[in-house]
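Residue strings, one per chain:
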Amino acid sequence: QTQLLGVLLAAASNFLISISLNIQKCAHRRLVCQAEQKPYYTSKLWWCGIALLGLGEVGNFTAYGFAPIALVAPLGCVSVIGSAFISVFFLKKTMRTADILGGTLTITGIYLLVTFAPSAPQELTAQQVQNYLVSWPFLVYSILEIITFCILLYFYKRKAVKHIVVLLMMVALLASLTVIAVKAVSSMMALSVKGEMQLTYSVFYIMIVLMATSCAFQIKFLNQAMHLYEARAVVPINFVFFTTSATISGVIFYREFQSAALLSVFMFLFGCLLSFLGVIIIARNKKEEHLQIPFIDCGHIPGQKLTGKIQPDSHSSCYGTLNKEDDSVKRQS
């Protein structure tokens, strides 16, 4: 019953997240189409999406206290399938046969993931979390993750590489730390409510800081990806990266598959393969969105032919104006 509650919470939370991501995309579209460009954080619609995202993350936070990471993380497929259907109404997209096929494969994979997920103990004490933090598998994993993140951040900052894979890989690396911290904080809070006080340990507050910091940077990079790419492309790819990263962190940090049978591990991996195949089918043939910027008809501007068109240069200081060197225009003006 405890794991079932965690599954239901995770499914509902990820559906809210899919709604929030599409709302944020709508907000970005509206801002781009406005004559006066404003930052995205001035949009009430964008903040509405952020509020739903926060509510969904709170639900996910609670779910990690009732179920293993390997069980909760794959339920991000709800946001994948939800986004595919919601975008039809929010962003006026067309439902494709590939979306239905991909959704079917994803649901089948998630069924296998939930069925063969490990049954690891969910109530973790502060002492157990401290022991996990200083274990050599996690230390090696942390060093490799930090090196990879620094390389990606270098390309993002110095080389201005904002490819969707780069952005979402950074989100996934941060997410692995987030799920570790969320699982620890949620478990220690649950034990404290039951009377076994865990809030006096310093590791509890260390995990809270880690959770808040990693979440903040996740939102930054995920919002950047949503601004540059279609929601129906970002959400599936983010699901693949997040599920992989979260599952690996659960295996290394919490040792969730330590006592699992070989058949269970194989079926779990097969469920992952089906889920990933499903989201790849949903995300295929996605194209980066290009907003249509109308040409300015210069037929009524002195000195220009009726067939003349000017395409404004958004990078120019004289955006939407004629060249100052045009003497004939100056004289007739």
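To start, this report covers the structure provided alongside it. Model, not experiment: these values are computed from the prediction. Numbering of residues begins from 1 in every chain and follows the order in which that chain's sequence is written. With pLDDT at 70 or above as the cut-off, local features in this predicted model cover only qualifying residues; side-chain atom pairs require 80 or more to be listed or tallied, and sums for whole chains, interfaces and linings still use all residues. For the side-chain quantities, the full set of heavy atoms in the structure was used; hydrogens and water were omitted.

1. Examining the nonpolar core
Within soluble globular proteins, side chains that are nonpolar generally end up buried alongside one another. With 69 residues, the main nonpolar core has M170, M207, F221, V234, F239, F253 and Y254 as its most contacted residues. With 15 residues, the single largest contributor to this core is helix α8 (residues 164-193). Per the annotation, domain bounds derive from an automatic or database assignment of domains. In this structure, this core is formed jointly by two domains, domain 1 (1-119 + 261-288) and domain 2 (121-255), each of which donates at least three residues. In this analysis, two residues are considered to be in contact whenever any of their non-hydrogen atoms come within 4.5 Å of each other. Sequence-distant contacts of M170, defined by excluding residues within four places in its chain, comprise F149, L152, L153, Y156 and F221. The set of buried Ala, Val, Leu, Ile, Met, Phe, Trp, Tyr and Cys residues whose side-chain atoms join them within 4.5 Å is what this entry labels a nonpolar core. We call a residue buried when its accessible area falls under 20% of the maximum for its residue type, exposed when it is over 50%, and partly exposed in between, using a 1.4 Å probe and counting protein chains only. Strands are runs of DSSP state E lasting at least 2 residues, helices are runs of H or I lasting at least 4, and numbering of each runs from the N terminus.

2. Some words on the environment of V166
Among the secondary structure elements, V166 is positioned in helix α8. Considered as a pair, V166 and A225 are 59 residues apart in the sequence and their alpha carbons are 9.4 Å apart. Excluding its chain neighbours within four sequence positions, the residues that come into contact with V166 are L152 and V161.

3. Here we look at empty space enclosed by the protein
Cavity: a set of points on a 1 Å grid over the protein atoms alone where a 1.4 Å probe fits but cannot get out. Pocket: an open set with protein on both sides within 12 Å along at least five of seven lines, its lining residues, like those of a cavity, having an atom within 4 Å of a point. Grid points are joined across faces, edges and corners, and a volume is the space filled by probe spheres set on the points. Overall, the coordinates contain 1 cavity of 30 Å³ or more when judged by the stated rule. A volume near 40 Å³ is recorded for the largest cavity. L21, Q24, I50, L53, I219, L222, N223 and M226 are the residues that line the largest cavity. For the lining of the largest cavity, the secondary-structure elements that each account for two or more residues are α1 (2-33), α2 (44-64) and α9 (202-228). Looking at the lining of the largest cavity element by element, the count peaks at 4 residues for α9.

4. Focus on unusual backbone geometry
At A160, a position not held by glycine, the phi torsion is positive, near 55 degrees. Located in the positive-phi region is R255, a residue other than glycine, with phi close to 55 degrees. The partly exposed category is assigned to R255, whose relative accessible area is 34%.

5. A word on α8
Because the α-helix completes a turn every 3.6 residues, residues three or four places apart line up on one side. Helix span is expected to be 1.5 Å times the residue number reduced by one. The end-to-end C-alpha distance of α8 is 41 Å, a good match for the 44 Å that 30 residues give at a rise of 1.5 Å each. Burial analysis of α8 places 24 of its 30 residues in the buried class, the great majority of the element. Immediately downstream of α8, the backbone of G195 shows phi near 110 degrees, a positive value.

6. Section: the environment of Q224
Mapping Q224 onto the fold places it in helix α9. The spatial distance from the C-alpha of Q224 to the C-alpha of I164 is 9.2 Å, given a sequence separation of 60 residues.

7. Re the layout of surface pockets
Computed from the structure, the largest pocket encloses a volume of approximately 700 Å³. Taken together, 31 residues make up the lining of the largest pocket; nearest its centre are I17, E57, N60, Q218 and F242. Those elements that provide at least two residues to the lining of the largest pocket are α1, α2, α8, α9 and α10 (231-253). For the lining of the largest pocket, the element with the most residues is α2, which contributes 8 residues. Throughout this entry, Asp, Glu, Lys and Arg are counted as charged residues, while Ala, Val, Leu, Ile, Met, Phe, Trp, Tyr, Cys and Pro are counted as nonpolar. The remaining residues, Gly among them, count as polar. Split into classes, the residues belonging to the lining of the largest pocket amount to 22 nonpolar, 8 polar and 1 charged. Here the lining of the largest pocket gathers at least three residues from each of two domains, domain 1 (1-119 + 261-288) and domain 2 (121-255).

8. Re the packing of α1 against α9
Put simply, α1 and α9 touch, their axes get as near as 9 Å, and they point 55 degrees apart. Between α1 and α9, the crossing angle belongs to the class labelled oblique. In this structure, α1 crosses over α9, and the sense of that crossing is right-handed. Contacts between α1 and α9 involve L21, Q24, K25 and H28 from the former and L222, N223, M226, H227 and L228 from the latter. In terms of residue class, the contact of α1 with α9 is made up of 4 nonpolar, 4 polar and 1 charged. Here an axis means a line fitted to C-alpha atoms, over the contact stretch when the element is a helix, while the angle between two N-to-C directions is reported on a 0 to 180 degree scale. Here the angle decides the label: under 35 degrees means roughly parallel, over 145 means roughly antiparallel, 65 to 115 means roughly perpendicular, and every other value means oblique. In a left-handed crossing the near helix is turned counterclockwise from the far helix by less than a right angle, and in a right-handed crossing that turn is clockwise.

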